[in-house]
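# Architecture and fold: a report
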Amino acid sequence: GESVGLHLPTLSVQEGDNSIINCAYSNSASDYFIWYKQESGKGPQFIIDIRSNMDKRQGQRVTVLLNKTVKHLSLQIAATQPGDSAVYFCAEKLTGGGNKLTFGTGTQLKVEL
Amino acid sequence: EAGVAQSPRYKIIEKRQSVAFWCNPISGHATLYWYQQILGQGPKLLIQFQNNGVVDDSQLPKDRFSAERLKGVDSTLKIQPAKLEDSAVYLCASSFYRGQSPMKQFFGPGTRLTVL
């Protein structure tokens, strides 16, 4: 079965609040973890990635945290905006996997005005 | 820059019929991927090309699915014959690693296939 999964299928947040999307993984042999965003009717869009030897990485309004002890990954979105409404997927790449990504099932983020 | 182009955007066929999807990656992107995304699930890699060579096709149902990238640019994915369970969105993506994350893949809008 899938080695990457998400805790919650739907997350609702108020505009301006911070969002936290969680992801659990089971394969310790992954060297990259990646977050993608998919808006309705569109293909996934890369957000940010983190190497397995890192704990934290920041981008524009987003932060990814990696806890290898409990095999947990999270995406934090600061000051959530209506345009952030989408399905968010975490993905992993196995070490030596030739850039093959394994995607989880996704979390629907809904931003309420 | 232009994104990944795919056609058609929608296709409805009956089971046992054949169907083909076309993808034009971003210019200069050597790596091309085909994914299958079933409703409510994440994309699943079917096949990965590096230029016109296959890097990974371990999850491609080779008894009915085929793909080619003859000149290392455009690619086609074919299903023959289609089954009901092939109903999904077929996504094409491309990537080019120089100067950016090797994990950054650029996806097209996908082709939504419905098999009746």
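The present account deals with the structure reproduced in this document.

What counts as what
Residues numbered from 1 in each chain as written. Chains lettered and ligands numbered in written order. Predicted model: local features only at pLDDT ≥ 70, side-chain atom pairs only at ≥ 80, totals over all residues. Heavy atoms only, no water. Helix = DSSP H or I, 4+ residues; strand = E, 2+ residues; numbered from the N terminus. Contact = heavy atoms within 4.5 Å. Buried area = accessible area lost by both parts, 1.4 Å probe. Salt bridge = Lys/Arg side-chain N within 4 Å of Asp/Glu carboxyl O. Polar contact = N/O pair within 3.5 Å; in protein donor to acceptor, adjacent residues only side chain to side chain. Pairing = 2+ DSSP bridges. Axes fitted to C-alpha atoms, helices over the stretch in contact; angles between N-to-C directions. 1 Å grid on protein atoms, 1.4 Å probe; cavity = no way out; pocket = protein on both sides within 12 Å on 5 of 7 lines; lining within 4 Å. Points joined across faces, edges and corners; volume = space filled by probe spheres on them. Nonpolar A, V, L, I, M, F, W, Y, C, P; charged D, E, K, R; others polar. Buried < 20%, exposed > 50% of the residue type's maximum accessible area, 1.4 Å probe, protein only. Core = buried A, V, L, I, M, F, W, Y, C linked by side-chain atoms within 4.5 Å.

## Observations regarding the environment of Asp-17 of chain A
Residue and element names in this part refer to chain A. Positionally, Asp-17 belongs in the loop between β2 (10–14) and β3 (19–25). C-alpha of Asp-17 to C-alpha of Arg-61: the two residues are 44 residues apart in sequence and 12 Å apart in space. Those residues in contact with Asp-17, other than ones at most four positions away along the chain, are Ile-77, Ala-78, Ala-79 and Thr-80.

## Some remarks on the interface of chain A and chain B
Listed as interface residues are 19 residues of chain A and, on the opposing side, 23 residues of chain B. With both chains or domains summed, chain A and chain B bury close to 1600 Å², and 55% of this area falls on carbon and sulfur atoms. Run the count over chain A and chain B and you get zero salt bridges. Put simply, chain A and chain B have six residue pairs in polar contact (both at pLDDT 80 or more) between them.

## A short note on the sheet that holds strand β7 (residues 65–68) of chain B
Residue and element names in this part refer to chain B. Here four strands make up an open sheet; going across it, the order is β1-β3-β8-β7 and the pairing antiparallel. Edge positions in the sheet fall to β1 (5–7) and β7, since each of these pairs with one other strand and no more. On average, each strand axis in the sheet is inclined to that of its neighbour by 15°, with strand direction left out of account. In this structure, β1 lies alongside strand β3 (residues 19–24), joined through three bridges in antiparallel fashion. Bridging from a neighbouring strand, Gln-6 pairs with Cys-23 of β3.

## Considering the layout of surface pockets
By volume, the largest pocket is sized at about 620 Å³. In terms of lining, the largest pocket is formed by 32 residues, of which the most central are Gln-38 of chain A together with Gln-37, Leu-39, Val-89 and Arg-112 of chain B. Of the residues forming the lining of the largest pocket, the biggest block, four residues, is contributed by strand β11 (residues 111–115) of chain B. For the lining of the largest pocket, the residue count by class is twelve nonpolar, 15 polar and five charged.

## Observations concerning the pairing of β11 of chain B
Residue and element names in this part refer to chain B. Alternating residues of β11 divide into Thr-111, Leu-113 and Val-115, all buried, and Arg-112 and Thr-114, none buried. Here three bridges tie strand β9 (residues 88–95) to β11, and the two strands are oriented antiparallel to one another. Among the inter-strand pairings, Val-89 is bridged to a residue of β11, identified as Arg-112.

## Things to note about the pattern of salt bridges
All told, the structure shown has six salt bridges over all chains when counted by the stated rule. Arg-57 of chain A serves as the salt-bridge partner of Asp-49 of chain A, at 2.5 Å between the closest nitrogen and oxygen. Residue Arg-57 of chain A is classed as partly exposed on the basis of its relative accessible area of 34%. Residues Lys-62 of chain B and Asp-57 of chain B are paired through a salt bridge, measuring 3.7 Å at the closest nitrogen-oxygen approach.

## Digging into the nonpolar core
Ranked by size, the top nonpolar core spans 21 residues in total, and within it Phe-21, Trp-34, Leu-77, Ile-79, Tyr-90 and Leu-113 of chain B carry the most contacts. For this core, the elements supplying multiple residues, two or more each, are β3, β4 (31–37), β5 (44–50), β8 (75–79), β9 and β11 of chain B. Of all hydrophobic cores here, the second largest spans 20 residues; its members include Phe-33, Val-64, Leu-66 and Val-111 of chain A.

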